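This is what each chain is made of:
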Amino acid sequence: MLKRTNYLTRTYGKPEGWGLAAYERDLGGYAQARRVLTTLTREQVVDEAKKANIRGRGGAGFPMGVKWSFMPKATPAAGAAKPHYLVVNADEGEPGTHKDRTLMEENPHACVEGCIIACYGIGAHVAYIYVRDELHLSKARLEGAIKEARAKGYLGKTPFGKEYPVEVHVHSGAGAYICGEETSMLNSIEGRRGEPRMKPPFPANAGAFGCPTTVNNLETIAAVPTAFGMGAEEFSKLSALHHIGDGGVRLYGINGHVKKPCVVELAVGPTFNELIHDVAGGVLGDKGVLCVIPGGSSTPVMRPSETVQASDPKSPLHPWHGKSVFDVPLGVDTMRGVGTMLGTCCVTVIAEGTDPVWCMQNLMQFYRHESCGQCTPCREGSAWLLRVSEKILDGNASLQELDGLHDIANGIMGNTICAFGEGTAMPALAILQKFRPEFEAYVRGRRSRADARLTVEPWS
Amino acid sequence: MPFALSPERERKLQETLERYPTKMAATLPLLHLCQEQDGYVSEDAVEFVAKRLDVSPAHVKGVVTFYTLYNQHPVGKHQVWVCRTLPCALRGAYEVIDHCERRLGIKCGETTADGKVTLRTAECLASCGTAPMMQVDREYHENLTRDRVDQILARLQEG
């Protein structure tokens, strides 16, 4: 069900909406960080965080509070040898994802306040916000917010008068999508090439600089002050999927072939149909939908003709049994249940008449460029996926080569250090399976690149 | 000539070093400072970073070659990056690229003869809701139209 809210976006578009004055006027201005540091214990903060049912907003959907609880109980103050760190993932770069940027640009103080609360909850004194280098405005706004907060005494040696030092720093990336993978990000912060690490050890045990670290997505952290301000349970209950542990409100992005692409804040649980028609004004040229990419290019495409198969009354998807997947509320577990992933909650809409083979080639070019090269199946596999996709588009591929694409993709799955491999193979396999006739048409010479279109109307 | 940072950037480096528990962690920020100064990261700059941070030149070179945004060779005065990834491509990115190439008389990856503009394609720049888009130096230009691109490029060629 579509429920518009504005807990995170109230200051969007307002003059100086990103400044401390607007944050104090419209969004509670650090009252929660103050309350947390001056009245709560670390355990109480983690309990509250768990009750908010904030599922990680970066794509994997892991419950934030549970992640916080993985951090060792002992801290340097309590005699442990190693400091703890908070790393905030703002390396937004998954194709189709454009939400975190709006928070940094329009509501950076929510990010900083979230960092203070999270640091306290996980026993850390330093937070690094990892922002991709290209986002210069985002970095400037965050730096500005940090400066304002420091001047007010919300950051530094004794925030809100409490003997609990907190510092927040912005760390700039340098143009590598893979650094959005959490262990790659840790290497990048340490000044190394952004190559993912083997897990275990997990970051909660050995993260940044070998110390216990929590890595959270930027939107996850920015939601914390709202959740704490409202009361965690109340926050969670805003969601249509509160009953399955997917709570609160979040940002939804809609892009691609829609009339009004945008980022909006909604209670968790709208459907694809609501996003496309009620939020984004429908499909360009009033065309039908060929498919959607649910939440970033690594999530398998869904077609409107697909229906939910959940005859078991115990299944959380049972209420939608037999209905179109486009009428299922978007949540971490509901999307997993229909065979895709919620991902980053930014939907790319592709209209009928668009060439799925060209879409595949375009995406494979992205993955080929961004594979870090550490694992052979991913490095070579992504190159093969691109080469064969190009051959198909050029009309030079055989049926055998088309079938071979499945083998290449399957050869990547499960054989790499990080999830980039799956992120490449899963969307490739979904496009191949769901658009087999289109691929075959190329191979059999019934379709050529000259017929292929990606846009609904020519660019002008 | 050995590389040295300007006094202002040297001050920024000192601030940066205080933020991390190791010197190596300043590798990316320091490389950004070097590139800001020269437009690219020269071999001399690599040596400089290695010495300042007590790491090997091989480590620094490894970092420079890993990340897309470090230029290993001199580039034009202005950097134009056109996003080519799917959400932008669905809104006309390939046409934007063609238009830029024709307008500037170069292919992506090249620099104009007067050294003013380097044109490149970029992978997703997190601007999918305002596609098509391009980044010019530090600035994003979104919801691009043909007229808008012409204006932007004309300004770069004059400046």
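Residues numbered from 1 in each chain as written. Chains lettered and ligands numbered in written order. Predicted model: local features only at pLDDT ≥ 70, side-chain atom pairs only at ≥ 80, totals over all residues.

Of regular secondary structure, chain A possesses 17 helices and eight strands. A compact globule built from 460 residues would reach a C-alpha radius of gyration of about 23 Å, and chain A, at 22 Å, matches this within 12%. The buried share of chain A, reckoned over its 460 residues, is 58%. Restricting to contacts in chain A with at least 6 residues of sequence separation, those with at least 24 account for 69%. (Helix = DSSP H or I, 4+ residues; strand = E, 2+ residues; numbered from the N terminus. Rg over C-alpha atoms; globule rule 2.2 N^0.38 Å. Buried ≥ 20, exposed ≤ 12 C-beta atoms within 10 Å, placed from the backbone. Contact = placed C-beta atoms within 7 Å.)

Turning to the nonpolar core, a few remarks are in order. All names here are of chain A. Ranked by size, the top nonpolar core spans 196 residues in total, and within it Val-87, Cys-111, Cys-115 and Ile-129 carry the most contacts. Looking at which element gives the most residues to this core, the answer is helix H6 (residues 108-122), with 10 residues. When neighbours within four sequence positions are excluded, Cys-111 is seen to be in contact with Leu-103, Met-104, Ile-129, Leu-142, Leu-218, Ile-221 and Ala-222. (Core = buried A, V, L, I, M, F, W, Y, C linked by C-beta atoms within 7 Å.)

When cut into domains, chain B gives domain 1 (7-66) and domain 2 (78-158). Summarising the inter-unit geometry, the C-alpha centres of domain 1 of chain B and domain 2 of chain B are found 29 Å apart. (Domains from an automatic or database assignment.)

A cis amide bond links Lys199(A) to the next residue, Pro200(A), at an omega of -5°. Mapping Pro200(A) onto the fold places it in the loop between helix H8 (182-189) and strand E4 (213-217). The omega angle of the peptide bond from Pro200(A) to Pro201(A) is 0°, so this bond is cis rather than trans. If you trace the backbone, Pro201(A) turns up in the loop between H8 and E4. For Phe209(A), which is not glycine, the phi torsion reads 55° and is therefore positive. Tracing the sequence through the fold places Phe209(A) in the loop between H8 and E4. Of note, Asp54(B) is a non-glycine position whose phi angle comes to about 55°, a positive value. Position of Asp54(B) relative to the elements: it lies in the loop between helix H3 (43-53) and helix H4 (57-66). Take Asp54(B): there are 9 C-beta atoms within 10 Å of it, and that puts it in the exposed class.

Residues and elements named next belong to chain A. Where helix H14 (residues 376-393) meets helix H16 (residues 420-434), the axes come as close as 10 Å, and the angle between the chain directions of the two elements is 25°. Taken together, the axes of H14 and H16 are roughly parallel relative to one another. In this structure, the crossing between H14 and H16 has a hand that is left-handed. Residue-level contacts link Pro-377, Cys-378, Ser-382 and Leu-385 of H14 to Phe-420, Gly-421, Thr-424 and Ala-428 of H16. Classifying every residue of the contact of H14 with H16 gives five nonpolar, three polar and no charged. (Axes fitted to C-alpha atoms, helices over the stretch in contact; angles between N-to-C directions. Parallel < 35°, antiparallel > 145°, perpendicular 65-115°, else oblique. Left-handed = near helix turned anticlockwise from the far one by under 90°. Nonpolar A, V, L, I, M, F, W, Y, C, P; charged D, E, K, R; others polar.)

Turning our eyes to something else, we now look at helix H15 (residues 399-412) of chain A. All names here are of chain A. Here H15 contains 14 residues, and its C-alpha end-to-end distance of 21 Å stays within 8% of the 20 Å for a straight helix at 1.5 Å per residue. Buried residues of H15: Leu-402, Leu-405, Ile-408, Ala-409 and Ile-412, and no others. Within two residues after H15, Gly-414 carries a phi angle of roughly 75°, on the positive side. (Expected span 1.5 Å × (residues − 1).)

Quick look at the interface of chain A and chain B now. When the parts of a complex come together, some accessible area is lost, and that lost area is often used as the size of the interface. Listed by partner, the interface residues are 47 residues for chain A and 39 residues for chain B. Elements supplying a minimum of two residues to the side of chain A that touches chain B: strand E3 (167-172), H8, strand E5 (249-256), strand E6 (262-267), strand E8 (346-351) and helix H13 (356-370) of chain A. By residue number, the principal contributor to the side of chain A that touches chain B is H13(A), which donates six residues.

Turning our eyes to something else, we now look at the confidence of the model for chain B. On average, residues of chain B score 97 in pLDDT, and 100% of them are at 70 or above. Overall fold confidence (pTM) sits at 0.97, and the ipTM for the predicted complex is 0.98. (pLDDT = per-residue confidence, 0-100.)

Attention now moves to the sheet that holds strand E7 (residues 289-293) of chain A. Residue and element names in this part refer to chain A. In space, the four strands of this open sheet follow the order E6-E5-E8-E7, with mixed pairing throughout. Every interior strand has two partners, whereas the edge strands, E6 and E7, have only one. Taking each pair of neighbouring strands and ignoring which way they run, the sheet shows an average axis angle of 25°. (Pairing = 2+ DSSP bridges.)

Time to look at the environment of Ala58(B). Residues and elements named next belong to chain B. Position of Ala-58 relative to the elements: it lies in helix H4. Given 10 C-beta atoms within a 10 Å radius, Ala-58 is considered exposed. Ala-58 sits 12 residues away from Val-46 along the chain, and the two C-alpha atoms are 8.7 Å apart.

Here we take up the domain arrangement of chain A. Residues and elements named next belong to chain A. Assigned domains within chain A: domain 1 (20-237), domain 2 (242-351) and domain 3 (356-451). Look at where the C-alpha atoms of domain 1 and domain 3 centre, and you get two points 36 Å apart. Between domain 1 and domain 3, the residue contacts involve 10 residues of the former and eight residues of the latter. Residues belonging to the side of domain 1 that touches domain 3 are distributed by class as follows: five nonpolar, three polar and two charged.

Glancing now at the environment of Leu266(A). By the secondary structure assignment, Leu266(A) is in strand E6. Leaving out residues up to four positions away in the same chain, Leu266(A) has contacts with Leu2(A), Lys3(A), Arg4(A), Thr5(A), Val249(A) and Tyr252(A).

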